[in-house]
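# Report on the structure
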Amino acid sequence: MARMTVQVKAAILGDVPVEKRFWCHDGRYLKNLEELQEALKQMTDDVFQYHANAEKTDFSNWVNDVIGDEKLSRDLLKCTCRTEATSAVAARVKYLKRIK
């Protein structure tokens, strides 16, 4: 795992390219972790379940493959509901913002 440097932090918190934005089942497109956090707060449980269920791990996959945050990706795999996922993303964003 890469050492958490200011550069790694900036890459994880930054916007992804337009073609790699996350398409959410409610019609939103998300470009970074803060938008994911806000979307998770606002989306319905049905929308969450569309993306995170026994067959699909869309949030975790996007965070790992596009954002590049393996830790948050693993944490999201453990989340069984929208509120847990919201808390996991919020905690990670808060942690990353404290890195100097």
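Scroll up a little and you will see the structure.
Only a predicted model underlies this, so the values are computations on that prediction, with no experimental measurement involved.

Conventions used here
- Residues numbered from 1 in each chain as written.
- Predicted model: local features only at pLDDT ≥ 70, side-chain atom pairs only at ≥ 80, totals over all residues.
- Heavy atoms only, no water.
- Helix = DSSP H or I, 4+ residues; strand = E, 2+ residues; numbered from the N terminus.
- Axes fitted to C-alpha atoms, helices over the stretch in contact; angles between N-to-C directions.
- Parallel < 35°, antiparallel > 145°, perpendicular 65-115°, else oblique.
- Left-handed = near helix turned anticlockwise from the far one by under 90°.
- Contact = heavy atoms within 4.5 Å.
- Salt bridge = Lys/Arg side-chain N within 4 Å of Asp/Glu carboxyl O.

## Some remarks on the environment of Ser87
By the secondary structure assignment, Ser87 is in helix α6 (residues 82-98). In this structure, the C-alpha to C-alpha distance between Ser87 and Lys71, residues 16 residues apart in sequence, is 14 Å.

## Digging into the packing of helix α2 (residues 33-42) against α6
Where α2 contacts α6, the axes come no closer than 9 Å and their chain directions differ by 150°. As summarised for this structure, α2 and α6 are arranged roughly antiparallel, according to the angle between their axes. Once α2 is placed against α6, the crossing between them reads as left-handed. Contact residues: α2 offers Leu33, Glu34, Leu36, Gln37, Leu40 and Lys41, while α6 offers Arg82, Ala85, Thr86, Val89, Ala90, Val93, Leu96 and Lys97.

## What about the pattern of salt bridges?
Under the counting rule described, the total for this entry stands at eight salt bridges. Salt-bridge contacts for Glu35 lead to Lys31; the nearest nitrogen and oxygen are separated by 3.5 Å.

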